[in-house]
Amino acid sequence: MAKVVFYRQCRLVKRVENGEWVQVSWIPEPYATAGRVVKLRENGVWDDGWVVAGAGQNRLPADQVPDFHVLSKAHLRATGDAETAPKG
């Protein structure tokens, strides 16, 4: 039986030339430690240099982590905003 991987919701910060970027992501629990530097993957491209600023107490197994891309698309379709939303 495969080992269950848990995820924690984390606040991530990346320093850039003009300040910093901040985002919230669910990352695997072993990496969800304040101060840890992680890489994030978006659209198949890895982006290094994100620092875990904080991790939430709640933990979810991988199959229960919300897929916000799917939820966002469902919301746009339900509200009729899908026609005006940027394609991507």
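Structure shown above.
All values reported here derive from a predicted model rather than from experimental measurement.

**Structural notes on the overall build of the protein**
Looking only at helices and strands, the protein has one helix and four strands in total. Sequence-ordered secondary structure for the protein, helices as α and strands as β, is β-β-β-β-α. Counting across all 88 residues of the protein, residues that qualify as buried make up 17%. Intrachain contacts of the protein at a sequence separation of at least 6 include 44% that bridge at least 24 residues. Accessible surface, the protein as shown: approximately 7,000 Å² in total, 53% of it carbon and sulfur.

**Overview of the pairing of strand 3 (residues 37-42)**
Moving residue by residue along a regular strand, the side chains alternate between the two faces of the sheet. Across five bridges, the pairing between strand 3 and strand 4 (residues 45-61) is antiparallel. Residue pairing for strand 4: Val37 is matched across the bridge by Val51. Hairpin geometry of strand 3 and strand 4 is characterised by an intervening segment of two residues between the two adjacent antiparallel strands and by a positive phi of about 55° at Asn43.

**A few points about the side chain of Arg8**
Examined against the element boundaries, Arg8 turns out to sit in strand 1 (residues 6-16). A distance of 2.7 Å separates the side chain of Arg8 from the side chain of Glu29, its partner in a polar contact. Here Gly56 takes part through its backbone oxygen, which lies 3.2 Å from a polar atom of the side chain of Arg8. If sequence neighbours within four positions are ignored, Arg8 has contacts with Ser25, Trp26, Ile27, Glu29, Ala32, Gly56, Gln57, Asn58 and Arg59.

**Let's talk about the pattern of salt bridges**
According to the stated counting rule, one finds four salt bridges in the structure shown. Here Arg8 and Glu29 are joined by a salt bridge, their closest N and O atoms 2.7 Å apart. Here the residue Arg8 occupies a position in strand 1, and Glu29 occupies one in the loop between strand 2 (19-28) and strand 3, the gap between them amounting to 21 residues. Here Glu20 ties to Arg15 by a salt bridge, and the two come within 3.0 Å at their closest N and O atoms. According to the relative accessible area criterion, Arg15 is exposed, its value standing at 67%.

Rules used in this analysis
- Residues numbered from 1 in each chain as written.
- Predicted model: local features only at pLDDT ≥ 70, side-chain atom pairs only at ≥ 80, totals over all residues.
- Heavy atoms only, no water.
- Helix = DSSP H or I, 4+ residues; strand = E, 2+ residues; numbered from the N terminus.
- Buried < 20%, exposed > 50% of the residue type's maximum accessible area, 1.4 Å probe, protein only.
- Contact = heavy atoms within 4.5 Å.
- Areas by Shrake-Rupley, 256 points an atom, 1.4 Å probe, with all protein chains shown as cover.
- Pairing = 2+ DSSP bridges.
- Polar contact = N/O pair within 3.5 Å; in protein donor to acceptor, adjacent residues only side chain to side chain.
- Salt bridge = Lys/Arg side-chain N within 4 Å of Asp/Glu carboxyl O.

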